[in-house]
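Fold and contact review
Now for the letters of each chain:
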There are 2 protein chains.
Amino acid sequence: MKYPNNLTKTYKNPLTYKNRGMDLENELNESNDYYREIDKALIYKKPTPIGVTDVSYTSRGKVIDRGFFKEPSTLDYNGLYRGKYIEYEAKVTKNRTSFPLANIHPHQIQHIESVLKHKGIVFLIIKINEMVYLLKGNDFIEYINNNDRKSIPYEFIKEFGYMIKYSYRPTLDYLTVVDEIYFKEEAM
Amino acid sequence: MKYPNNLTKTYKNPLTYKNRGMDLENELNESNDYYREIDKALIYKKPTPIGVTDVSYTSRGKVIDRGFFKEPSTLDYNGLYRGKYIEYEAKVTKNRTSFPLANIHPHQIQHIESVLKHKGIVFLIIKINEMVYLLKGNDFIEYINNNDRKSIPYEFIKEFGYMIKYSYRPTLDYLTVVDEIYFKEEAM
């Protein structure tokens, strides 16, 4: 597939903070591709919600001439694992001492509470100090409900989070951690 | 929110077959909003996957200057209901005697098989002859595997599908049908 040259320019643009998350996103996409290949889980990144304000019709189909990025109200990844609903958000912070809560929108916090209530598996994957942690949704909500701080201290993440290890394939084997946390009682 | 005038023009454009499905899509979105309001289920339409080829940065944030619609490999709606993973596709046909299989992409058919294998609830919602039917994923797959036709006869949909009734709120109460089919054995 051919793209216009300016795509490359876009990716290199240092203005957007989102690009800081690209590595983690790629690592998780690779891991999810692998999990699907070996038929272990069906987990996808949801497309970024986009508002389309202008389209045109070309010989190759409908094309977007103007659009904008919307604020997400759910989490980035969801799917099906071992018969269970699973949903999570992945975030990178350059901050060394804490994870700023501004990374998670208020709607997303409400959504995490809803998923817990409806008995889904929900968590955050946080990359901080080049380490990757899974923080359970209920630990995250409990922290928020009991603290006025605008960030989660790294100490809290180290104590309550579960470290996810890098490997060859999958790049980030987070489902092994999910097994330990959520499927402990069942036979593996 | 203000849109440029040509948005209206776009919606009225009769060239795109997709617009035929807009009514059903709105009916399902309204129903899912209602189910969330009464805290019955967390089901969302996934954003249409879009490839962004050109963006610019304005004072109001990142804006898309060029993009295209990608072919979906999963189904349109997914979420969580009564602790279970649920996923479905909604399609309208103007055809009175059968549902053309060209409406469902080959990747989506594979995906339906995968969801069944991983024990998710998966189905199609088909609007045909102004009636709305839920067709279970396994009945759909069985039809495809045992027939060479490029469409599913209306007779098959009437026999194996479950009719979904219109009501005030939710507009389309498809979860009542899901209860009957998938949660029969459990206490309601």
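Not measured: the values here are computed from a predicted model. (Residues numbered from 1 in each chain as written. Chains lettered and ligands numbered in written order. Predicted model: local features only at pLDDT ≥ 70, side-chain atom pairs only at ≥ 80, totals over all residues.)

1. Side note on the overall build of chain A
On a plain count of helices and strands, chain A comes out with six helices and ten strands. Here chain A holds 188 residues, and the buried ones make up 31% of them. For chain A, the share of sequence-separated contacts (at least 6 apart) that also reach a separation of at least 24 residues comes to 61%. (Helix = DSSP H or I, 4+ residues; strand = E, 2+ residues; numbered from the N terminus. Buried ≥ 20, exposed ≤ 12 C-beta atoms within 10 Å, placed from the backbone. Contact = placed C-beta atoms within 7 Å.)

2. Section: the packing of helix 3 (residues 106-117) of chain A against helix 4 (residues 137-146) of chain A
Between two packed helices, the angle of one axis relative to the other and the distance separating the axes together describe the packing. Residue and element names in this part refer to chain A. Where helix 3 contacts helix 4, the two axes come as close as 10 Å, and the packing angle between them is 130°. On the basis of the axis angle, helix 3 is oblique to helix 4. Between helix 3 and helix 4 the crossing geometry is left-handed. Contacts between helix 3 and helix 4 involve Ile 109, Ile 112, Glu 113, Val 115 and Leu 116 from the former and Gly 137, Asn 138, Phe 140, Ile 141 and Ile 144 from the latter. (Axes fitted to C-alpha atoms, helices over the stretch in contact; angles between N-to-C directions. Parallel < 35°, antiparallel > 145°, perpendicular 65-115°, else oblique. Left-handed = near helix turned anticlockwise from the far one by under 90°.)

3. A look at the interface of chain B and chain A
Taken together, the contact between chain B and chain A spans 36 residues of the former and 36 residues of the latter. Listing elements by their share of the side of chain B that touches chain A, those giving two or more residues are helix 1 (6-12), strand 1 (41-45), strand 2 (50-58), strand 3 (61-69), strand 4 (77-81), strand 5 (84-93) and helix 3 (106-117) of chain B. Counting residues per element, the side of chain B that touches chain A draws most heavily on strand 3 of chain B, which supplies seven residues. Here the residues of the side of chain B that touches chain A sort into 18 nonpolar, twelve polar and six charged. The sheet contact formed by strand 3 (residues 61-69) of chain A and strand 3 of chain B spans four bridges and is antiparallel. The residue bridging Gly 67 of chain A from the neighbouring strand is Ile 64 of chain B, located in strand 3 of chain B. (Nonpolar A, V, L, I, M, F, W, Y, C, P; charged D, E, K, R; others polar. Pairing = 2+ DSSP bridges.)

4. Topic: the sheet that holds strand 1 of chain B
Residue and element names in this part refer to chain B. What the six strands build is an open sheet, ordered 1-4-5-7-8-10; its pairing is mixed. In the strand order of this sheet, the two ends are held by strand 1 and strand 10 (162-164), each with one partner. Neighbour to neighbour, the strand axes of the sheet diverge by 25° on average, direction disregarded. Bridging between strand 1 and strand 4 involves five bridges; their strand directions are antiparallel. Residue pairing in the sheet places Tyr 44 in a bridge with Asn 78 of strand 4. Where helix 4 (residues 137-146) meets the sheet, its contacts fall on strand 7 (121-128) and strand 8 (131-136), and the angle it forms with strand 8 comes to roughly 80°. In the packing of helix 6 (residues 174-182) onto the sheet, contacts are made with strand 1, strand 4, strand 7, strand 8 and strand 10, and the angle to strand 10 comes to roughly 155°.

5. Quick notes on helix 6 of chain B
Taken as a whole, helix 6 of chain B has its buried residues at Tyr 174, Leu 175, Val 177 and Val 178 of chain B. The buried residues of helix 6 of chain B all sit within an arc of 150° when viewed along its axis, so they share a single face. (Arc of directions from axis to C-beta.)

6. Notes on the nonpolar core
Most often, soluble globular proteins keep nonpolar side chains buried together rather than apart. With 74 residues, the main nonpolar core has Ile 125 of chain A together with Ile 125 of chain B as its most contacted residues. Here Ile 125 of chain A is in contact with Tyr 88, Ala 90, Val 132, Leu 134, Ile 164 and Tyr 174 of chain A, once residues within four sequence places are set aside. (Core = buried A, V, L, I, M, F, W, Y, C linked by C-beta atoms within 7 Å.)

7. Concerning the confidence of the model for chain A
Should pLDDT be low for a region, the predicted coordinates there are not to be read in detail. All names here are of chain A. Per-chain confidence: chain A averages 87 in pLDDT, with 86% of residues scoring 70 or above. Confidence over residues 1-19 falls short of pLDDT 50; this stretch has eight contacts with residues more than four positions distant or in other chains. Predicted complex metrics record ipTM = 0.82 and pTM = 0.83. (pLDDT = per-residue confidence, 0-100.)

8. With respect to the relation of the copies chain B and chain A
The operation relating chain B to chain A is a screw motion whose rotation component is 180°, with 0.0 Å of axial translation and a residual RMSD of 0.0 Å. On this basis, the relationship between the two copies can be described by a two-fold rotation axis. If distances are taken from each C-alpha of chain B to the rotation axis, the shortest is found for Tyr 85 of chain B, at 2.4 Å. Taken as a fraction of all interface residues of chain B, those also at the interface in chain A reach 100%, which identifies the copy contact as same-surface. (Least-squares fit on C-alpha atoms with pLDDT ≥ 70 in both.)

9. Section: the environment of Thr 58 of chain B
Relative to the assigned elements, Thr 58 of chain B resides in strand 2. Put simply, Thr 58 of chain B and Tyr 182 of chain B are 124 residues apart on the chain and 49 Å apart in space, counted from C-alpha to C-alpha.

10. So, the sheet that holds strand 3 of chain A
Taken in spatial order, the four strands line up as 2(A)-3(A)-3(B)-2(B) in an open sheet, and their pairing is antiparallel. The strands lining the two open edges of the sheet, one partner per strand, are strand 2 (50-58) of chain A together with strand 2 of chain B. On average, each strand axis in the sheet is tilted by 20° relative to the strand beside it, whichever way the strands run.

11. A word on unusual backbone geometry
Among all residues save glycine, negative phi is the norm, and among peptide bonds the norm is trans. For the bond from Arg 169 of chain A to Pro 170 of chain A, the omega torsion is -5°, close enough to zero to count as cis. As for its position among the elements, Pro 170 of chain A is in the loop between strand 10 (162-163) and helix 6 (174-182).

12. Remarks on the environment of Glu 142 of chain B
Checked against the element boundaries, Glu 142 of chain B lands in helix 4. Once the C-alpha coordinates of Glu 142 of chain B and Leu 80 of chain B are considered, the two residues, 62 residues apart in sequence, prove to be 25 Å apart.

13. Quick notes on the pairing of strand 2 of chain A
Residue and element names in this part refer to chain A. As defined by bridge partners, strand 2 adjoins strand 3 across eight bridges and the pair is classed as antiparallel. When the sheet's bridge partners are listed, Gly 51 is paired in strand 3 with Phe 68. Between the antiparallel neighbours strand 2 and strand 3 lie two residues.

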